[in-house]
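# A closer look at the structure
Next come the chains, spelled out residue by residue.
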Amino acid sequence: MSYTFDPLVPRPIDLPTVVPLDAATDATDGTTDAAQDLAALDQAKIFAAPDDPAQWAAWRERLEAWRTDARERHGFTGAVYERPQAAWAASCFTIAQVWLWDELLYSFEENRFTPERFLADARERFADLDAVVLWHAYPVIGIDDRNQWDFYRDVPGLTGPGGLVATLHAAGLHVFVDYNPWDTGTRRGEDDLSELAAVVADLPADGVFLDTLKKAEPELVERLEAARPGIVLEGESKLAVERIEDHSSSWAQFFADSSVPGVLRAHWYERRHMQHHVRRWNRDHTDELQSAWINGVGVMVWEVVFGVWVGWSERDAATLRRMVTVQRAAKDLLLDGEWTPLTDLAPAAREAGVHASLFSHEGVSLWTLVNRGEDDWTGPVLTDAPAGRLIDLTGLATSAAPTDTTGSPVDTTGGTVDGAGAIAPSVTVPGRGIAALVHVAPGAEEPDWLPGLVEDMRNHAPSADARFPHRLARRIVPQAPASRPDGAAAPTYPETGAGQDVEASAVVVPAGPYVLTVRYRARETGMYQGAPYVEEWKPLSPRLHDPRTLQRDGELAAPVAVAATEVTNAEFAAFVDTTGYRPATPHRFLAHWVDGRPPAGREDEPVTFVDLDDARAYSAWRGGRLPSEDEWQLAGETGGLLRGAPVVWNWTESEHSDGRTRYAMLKGGSDHESVGSEWYFDGGVQRPEFSAKLLLPGLGLARSSSIGFRCAWTVEVTA
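Remember, predicted model here, so these are calculated numbers, not experimental data.

### Examining unusual backbone geometry
- Between Leu 203 and the following residue, Pro 204, the backbone shows a cis peptide bond with an omega angle of -10°.
- As for its position among the elements, Pro 204 is in the loop between helix 6 (192-202) and strand 8 (207-210).
- Going from Ser 541 to Pro 542, the amide bond is cis rather than trans, its omega being 10°.
- With respect to the helices and strands, the residue Pro 542 is situated in the loop between strand 25 (512-521) and strand 26 (547-556).
- The backbone of Leu 590 sits at a positive phi, close to 50°, despite the residue not being glycine.
- Mapped onto the fold, Leu 590 is located in the loop between helix 14 (569-579) and helix 15 (612-621).

### Focus: the pairing of strand 12 (residues 274-278)
- Buried residues dominate strand 12, accounting for 5 of its 5 residues.
- Of the two faces of strand 12, both are covered, the one formed by Met 274, His 276 and Val 278 as well as the one formed by Gln 275 and His 277.
- Alignment of strand 10 (residues 249-253) against strand 12, held across 5 bridges, turns out to be parallel. Among the inter-strand pairings, Ala 252 is bridged to a residue of strand 12, identified as His 277.
- With 2 bridges joining them, strand 12 and strand 13 (residues 298-301) adopt parallel strand pairing. Its bridge partner lying in strand 13, His 277 is registered against Val 299.
- In this fold, strand 12 hands off to helix 9 (residues 286-295), which returns the chain to strand 13; that crossover is right-handed.

### Concerning the sheet that holds strand 13
- Sheet architecture is closed into a barrel: 8 strands sit in the order 3-6-7-8-9-10-12-13, paired in parallel fashion. Taking each pair of neighbouring strands and ignoring which way they run, the sheet shows an average axis angle of 25°.

### Focus on the side chain of His 656
- Note that His 656 resides in strand 29 (residues 655-657).
- A relative accessible area of 7% means that His 656 is categorised as buried.
- Setting aside residues no more than four positions away along its own chain, His 656 makes contact with Ala 473, Arg 474, Arg 475, Ile 476, Tyr 528, Glu 629, Thr 661, Arg 662 and Tyr 663.

### So, the packing of helix 10 (residues 314-329) against helix 13 (residues 450-457)
- Their axes nearest at 10 Å, the elements helix 10 and helix 13 cross at an angle of 175°. As judged from the angle between their axes, helix 10 and helix 13 are roughly antiparallel. Between helix 10 and helix 13, the residues in contact are Arg 322, Thr 325, Val 326 and Ala 329 and Leu 453, Asp 456 and Met 457, respectively.
- Residue composition of the contact of helix 10 with helix 13, grouped by class: 4 nonpolar, 1 polar and 2 charged.

### Observations regarding the pairing of strand 30 (residues 662-667)
- Among the 6 residues of strand 30, 6 are classified as buried, and the element is accordingly described as predominantly covered.
- Where strand 29 meets strand 30, 3 bridges bridge the pair, whose relative direction is antiparallel. Opposite His 656, over in strand 30, you have Tyr 663 as the bridge partner.
- Between strand 29 and the antiparallel strand that follows it, strand 30, lie 4 residues; Gly 659 among them carries a positive phi value of about 95°.
- Two strands pair when backbone bridges link them, and strand 30 and strand 33 (residues 691-695) are joined in this way by 5 bridges, in the antiparallel orientation.

### Some words on helix 10
- Its 16 residues place the ends of helix 10 23 Å apart at the C-alpha level, agreeing with the 22 Å of an ideal helix rising 1.5 Å per residue.
- Of all the 16 residues making up helix 10, 13 are buried; the element is thus mostly covered by neighbouring parts of the structure.

### Describing the environment of Ser 677
- With respect to the helices and strands, the residue Ser 677 is situated in the loop between strand 31 (669-670) and strand 32 (684-685).
- Along the primary structure Ser 677 and Gly 185 are separated by 492 residues, whereas in three dimensions their C-alpha atoms are 7.6 Å apart.

### Examining the pattern of salt bridges
- This model, assessed by the stated rule, comprises 57 salt bridges.
- Of the charged contacts, one joins Asp 14 and Lys 45 as a salt bridge, the two residues approaching to 2.8 Å between their closest N and O atoms. Of this pair, Asp 14 sits in the segment before strand 1 (17-18) while Lys 45 sits in the loop between helix 1 (34-40) and strand 2 (46-48); the two residues are 31 residues apart in sequence, bridging distant segments of the chain.
- What makes Asp 14 buried here is its relative accessible area of 0%.
- Residue Lys 45 is classed as buried on the basis of its relative accessible area of 6%.
- The closest approach of N and O atoms between Arg 625 and Glu 631, which form a salt bridge, is 2.9 Å.
- A relative accessible area of 18% places Arg 625 in the buried class.

### Section: the packing of aromatic side chains
- Applying the stated criterion across every chain yields a total of 37 aromatic pairs.
- Taking the centre distance of 6.4 Å and the plane angle of 35° together, the rings of Trp 135 and Trp 302 count as tilted. Of the two residues, Trp 135 sits in strand 6 (residues 131-135) while Trp 302 sits in the loop between strand 13 and strand 14 (304-305), which places them 167 residues apart along the sequence. There is no split in this pair, since Trp 135 and Trp 302 are both buried.
- Between the aromatic rings of Trp 649 and Phe 690, the centroid separation amounts to 6.4 Å while the plane-to-plane angle is 40°, which identifies the pairing as tilted. Note that Trp 649 is positioned in strand 28 (residues 649-650) and Phe 690 in the loop between strand 32 and strand 33, a separation of 41 residues in sequence.

Analysis parameters
Residues numbered from 1 in each chain as written. Predicted model: local features only at pLDDT ≥ 70, side-chain atom pairs only at ≥ 80, totals over all residues. Heavy atoms only, no water. Helix = DSSP H or I, 4+ residues; strand = E, 2+ residues; numbered from the N terminus. Buried < 20%, exposed > 50% of the residue type's maximum accessible area, 1.4 Å probe, protein only. Pairing = 2+ DSSP bridges. Right-handed = clockwise from strand over helix to strand, strands pointing away. Axes fitted to C-alpha atoms, helices over the stretch in contact; angles between N-to-C directions. Contact = heavy atoms within 4.5 Å. Parallel < 35°, antiparallel > 145°, perpendicular 65-115°, else oblique. Nonpolar A, V, L, I, M, F, W, Y, C, P; charged D, E, K, R; others polar. Expected span 1.5 Å × (residues − 1). Salt bridge = Lys/Arg side-chain N within 4 Å of Asp/Glu carboxyl O. Phe/Tyr/Trp six-rings, centres within 6.5 Å; stacked < 30°, edge-to-face > 60°.

Okay, here's the thing in C-alpha cells:
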C-alpha cells in the first residue's frame, strides 16, 4: 500500500516506535532473538507507551534492557558529558531560534541591536531563556555571492566587548551559531571545517546548530572542539544512538508521541543528553510541552519562522514558565534521580488521562504530571498519601489552597502532611496541561532549592488563554531621509508633479483599477498571508518550493510614470556630489566604488550596494519615489522597462513589517543565481509578474551587488 502524504498528520518516519514486550520469533526456524528486537529500537525517536497499564512494568523493563544492551554494543563512555565547559547543556531547558534581524532584537529606527528588549520579553513571557540560536543567512543567502560566513563576519556590533554576543553571555544565555552544509554555491573561501571553526572561536559561540544535519562527522567534531573546547553540537531531528557519544544535544523536531506519553530514546539512553522539542508551524504546543515535561527535557521557542509570525499563545507560554521554573530548580533530581516513566497513579486519575514520570533521589521525589484529557482533573493522583512533606507546586498560585479529601491543606508553607492512614491529597491537573508534586520523606534532607522554588511558583499562575496572537504584515510608510551633512533641509516625497524630474522615456501607467497575477516560489518566508504552513506537520514538496500564483488588485488614483531604466552609477554619483548624501549606516554603502567614485568603465551600469533608504533619498532628490511592486509590474508588462547590464533585482516601495520581521518585495530578477540548493534566494532574470520576498537585514547588510532600483513619479493630472 503506497503512502499518500497528508501535511496535517505525522509521516510514518515521525511516529513513535512500538516496544515489543516479547522476544521476536524467527519465522524460518521458530527461534527467538531478543538481541535483534533490542537493536531495532535504536531507530526510534520516541518509544511508544502501551495503552494498557498492566503492561507498563514490562515496558519499563524492556527499556532498561535496551539501554544496557545499546550502551554495550556502541561502547558508550559518556566522555563528552564530562567536559566542564559543556556541563550547562544538560540543563538547557529553553532555547530560542531567533533571526538576527528580528525587530525585537534589532531596531531599524535606531540602527542597533536591542538585546535589552529581547531579554525583557523572554523574562516576562517565558521565565527567561537558557540559550539562543542566532539565525543569520537563510533565507537571504543566495541573493548575491556572499557565503554563510559573511553573514556573521560582516555584521557590525556582533562580536567584541559590548557586542551582541557578549551582551547575551553577560545575561546568562549561551549562544549557538548556525551551520548550513548545503551552502556550496556562493563564493568559496577556506573549507567548511576551517571556516566554521574560525567563526565559533571569533564570536565566541557556545554551540553549533547543524542545519539539515542529524549529526556532524567526527572530523568536524574534532575541529570544533579544538577551536572552542566544550562546544555543544545540536543536530536537526533524530540523532543516531552511536553519536550520542559525541553530541550532547539534539532536536526532537517533528516527533510524534503515543496517546499514553512515551519516552524519548536519546534522553533515556543518556540523561545528560538534552533534547529540545519543536514543531515550528504549530500554534498549539501542548504535545511538545507535555512530552518535554514528562521526559525532563527542553523545548525550542521559535515564534518567527524564517520571516513569518507563528507566536506562542499565552496558555502555552504560561505552561512553559511553570515547567522551566521547576526544571531549573530541580535539575539535579532530573539528571541524577531514579526515573520511573508512567509511574503508578490513582486509577481514577489515570482513567481520566493523567500520567506522570517520577524522579526520586535520597528521599526527595518529583512527579511531573500531564493531563491528556480536555477537562481539568481535580482529585487524588497518588495511590496513597506518603508520610512527610508533600507540595503541590503548580497549585501554589491558584486562588484557593489545595486540600486533601479531609479538608486539610496540602503543605505549601513548610509544614508536614502525615500520610499515616490518610487519603491521598486532591490535586488539579488542567485539561491538556501539566502539574508537579514534590515530596520530602521523613528524615530526608530538604533540598536547598525547594524554598526558592516554592516562592517562585507562587508567581506562575496557569492561564486558560489559548488565543493565538496573530500578526499580519503592514506596509511601512517611508519617512523623509535624514538631513544632509551640511545641515540643509532633507528632500521630501512629492505627491504631485511639482518640481519633478520625470524622465521623458518613462513608462506611464494610467490611473484606475487593476488586477494582477503574481508568480512566486513557495518558500518558508511565505508572502503576504502570514504563516504559510500553520499546523502542518512538516512542509514537503509539492507544498514547499513549488511555483505558485496569486491575484492582487488595487487602484491607482493618478497615473504613475516608472523610469524605463535603472539608476546608474554615474547618476548616483551626481546625486552624492550635489547633496553630500551620507547614509546613517555607511556599512557596505557603494562598496564596489573605488575611492568614492564608480569603477572606470562601469559608470553606465545599474548602481548597486544601495539599500531602500539610499534609493529613497535619490528618488526624492529627483522629485520622485520608488515604484510599488504593483506599479513596477504594471509598467513591466507593457514591455517598456529596460534592464541594465548586469541585470539586477529592483527595490520597490513595498516594504512591510509585522512588528518582528521587516521585508521588501523585489522585482525583475538578476543575472546572479546561486545554484546547488533549493534553500537559496531566487536568482536569474525573471518576468515582470515574478515577485521575491526579501527579509531585510540591518546595519547595511541589505546592500547587495545584485540589487539596484529605478524611480517613479505620480503624474499630476491637469484639467
